[in-house]
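Examination of the molecular architecture
The primary structure of each chain is shown beneath.
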Amino acid sequence: MVATTAHAVQPDEIMSDAAKETRARDLSRELRCMVCQNQSIDDSEAPLARDLRILVRERIAAGDSDAQVIDFLVARYGEFVLLKPRLNPHTWLLWFLTPLTLAVGGIALWMQGRRRARSDAEQDAALFSLTPDEEARINSLIAAEPASEK
């Protein structure tokens, strides 16, 4: 058995011109099903996805370019119809929030690690350093010890 990807495109939707059908399929993979929301209209079997696939093919048959088809659908349904939103000022937060959050988190972890290392070093120094009284006591014990055999 050969595994193939399942597409929801029905035989009656397929265009007779193979080049135009390829364009329609490529565009359909870029457009979000408004019902399923995480599927392209090429993969969705929802009635609205079928209507959008037919609309894409009608626009291509009418001579629209890929950009014109996308612009028409965005004007009609909004940016949400695009699976990959365009980069413009009102989508900056969508595009840059994740990398910005990761960068801020990385810097915070790095600073916390440095702070913890510095704190550990200070605690070790305090733990292993002797007070002047302790040093004097050790020196007097060393001086009082009999000379070891050599």
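Cut-offs used in this document
- Numbering of residues starts from 1 in every chain and runs along the sequence as written.
- The predicted nature of this model means local features are confined to residues of pLDDT at least 70 and side-chain atom pairs, given and counted, to a pLDDT of 80 or more, with totals for whole chains, interfaces and linings taken over all residues.
- To obtain the side-chain values, all non-hydrogen atoms of the structure were used and water was disregarded.
- Among the buried residues, those of types Ala, Val, Leu, Ile, Met, Phe, Trp, Tyr and Cys that are joined through side-chain atoms within 4.5 Å form a nonpolar core.
- For the exposure calls, accessible area comes from a 1.4 Å probe over protein chains only, and a residue counts as buried if that area is under 20% of its type's maximum, exposed if over 50%, partly exposed in between.
- By definition, any uninterrupted DSSP run of H or I lasting at least four residues is a helix, any uninterrupted run of E lasting at least two residues is a strand, and each is numbered from the N terminus.
- Any two residues having at least one pair of non-hydrogen atoms within 4.5 Å are treated as being in contact.
- A score between 0 and 100, pLDDT records how confident the predictor is in each residue.
- Helix axes are fitted only over the stretch in contact, all axes being lines through C-alpha atoms; the angle between N-to-C directions runs from 0 to 180 degrees.
- Definitions for this section: a left-handed crossing has its near helix turned counterclockwise from the far helix by less than a right angle. A right-handed crossing has that turn clockwise.
- In the scheme used here, Gly and all other residues not listed as nonpolar or charged are polar, with Ala, Val, Leu, Ile, Met, Phe, Trp, Tyr, Cys and Pro taken as nonpolar and Asp, Glu, Lys and Arg as charged.
- Any carboxyl oxygen of Asp or Glu that lies within 4 Å of a side-chain nitrogen of Lys or Arg is treated as forming a salt bridge with it.
- The span you would expect from a helix comes to 1.5 Å times its residue count less one.
- When we speak of the arc, we mean the arc of directions from the helix axis to the C-beta atoms.
- Two rings from Phe, Tyr or Trp (for Trp, the six-membered ring) form a pair when their centres sit within 6.5 Å of each other. Planes less than 30 degrees apart are called stacked, planes more than 60 degrees apart edge-to-face, and all others tilted.
- We count a charge as sitting over a ring when the NZ of a lysine or the CZ of an arginine lies within 6 Å of the ring centre and within 35 degrees of the ring normal.
- In what follows, roughly perpendicular refers to angles from 65 to 115 degrees, roughly parallel to angles under 35, roughly antiparallel to angles over 145, and oblique to any angle outside these ranges.

Looking now at the nonpolar core. Of all hydrophobic cores here, the largest spans 18 residues; its most connected members are Leu31, Ile41, Val56, Ile60 and Leu73. When contributions to this core are tallied by element, the ones reaching two or more residues are α1 (18-30), α2 (47-61) and α3 (66-77). By residue number, the principal contributor to this core is α2, which donates five residues. Setting aside chain neighbours within four positions, we find Leu31 in contact with Gln39, Ser40, Ile41, Val56, Ile70, Leu73, Val81, Leu82 and Leu83.

The share of residues in the protein chain with pLDDT of 70 or more is 91%, and the mean pLDDT across the chain is 83. Within the protein chain, helix α4 (residues 92-128) has the poorest average pLDDT of any element, 85, and α3 the best, 92. Confidence drops under pLDDT 50 across residues 1-6; counting only partners more than four residues distant or on other chains, this segment forms one contact.

Another point: the environment of Gln112. With respect to the helices and strands, Gln112 occurs in helix α4. Residue classification places Gln112 among the partly exposed positions, given a relative accessible area of 35%. The sequence separation of Gln112 and Val69 amounts to 43 residues, and the corresponding C-alpha distance is 51 Å.

Attention shifts here to the packing of α1 against α3. One can describe the packing of α1 onto α3 by two numbers: an axis separation of 11 Å at closest approach and a directional angle of 40°. Crossing geometry of α1 relative to α3 is assigned as right-handed. Contacts between α1 and α3 pair Arg23, Leu27 and Glu30 from the former with Asp66, Val69 and Ile70 from the latter. Looking at the contact of α1 with α3, its residues break down into three nonpolar, no polar and three charged.

Our focus in this paragraph is the pattern of salt bridges. Tallying each qualifying case throughout the model produces seven salt bridges. Here Asp66 and Arg23 are joined by a salt bridge, their closest N and O atoms 2.8 Å apart. Within this pair, whereas Asp66 is found in helix α3, its partner Arg23 is found in helix α1, the two being separated by 43 residues in sequence.

Counted at 1.5 Å a residue, the expected span for α3 with its 12 residues is 16 Å, and the 16 Å between its end C-alpha atoms agrees. Listed in full, the buried residues belonging to α3 are Val69, Ile70, Leu73 and Val74. Buried residues of α3, viewed axially, fall in a sector of 130°; they line one side. Packing partners of the buried residues in α3 comprise α1 and α2. Gly78 sits one or two positions beyond α3 and adopts a positive phi of about 90°.

With that out of the way, let us pick up the packing of aromatic side chains. All chains considered together, the criterion is met by zero aromatic pairs. Stacked on the ring of Phe72, the Lys or Arg Arg59 has its end atom at 3.9 Å from the ring centre.

The next point concerns the packing of α2 against α3. The N-to-C vectors of α2 and α3 enclose an angle of 135°; their axes lie 10 Å apart at closest approach. One element, α2, and the other, α3, form an angle in the oblique class. At the point where α2 passes α3, the crossing takes the right-handed sense. Across from Leu52, Leu55, Val56, Arg59 and Ile60 in α2, the residues of α3 making contact are Val69, Phe72, Leu73, Arg76 and Tyr77.

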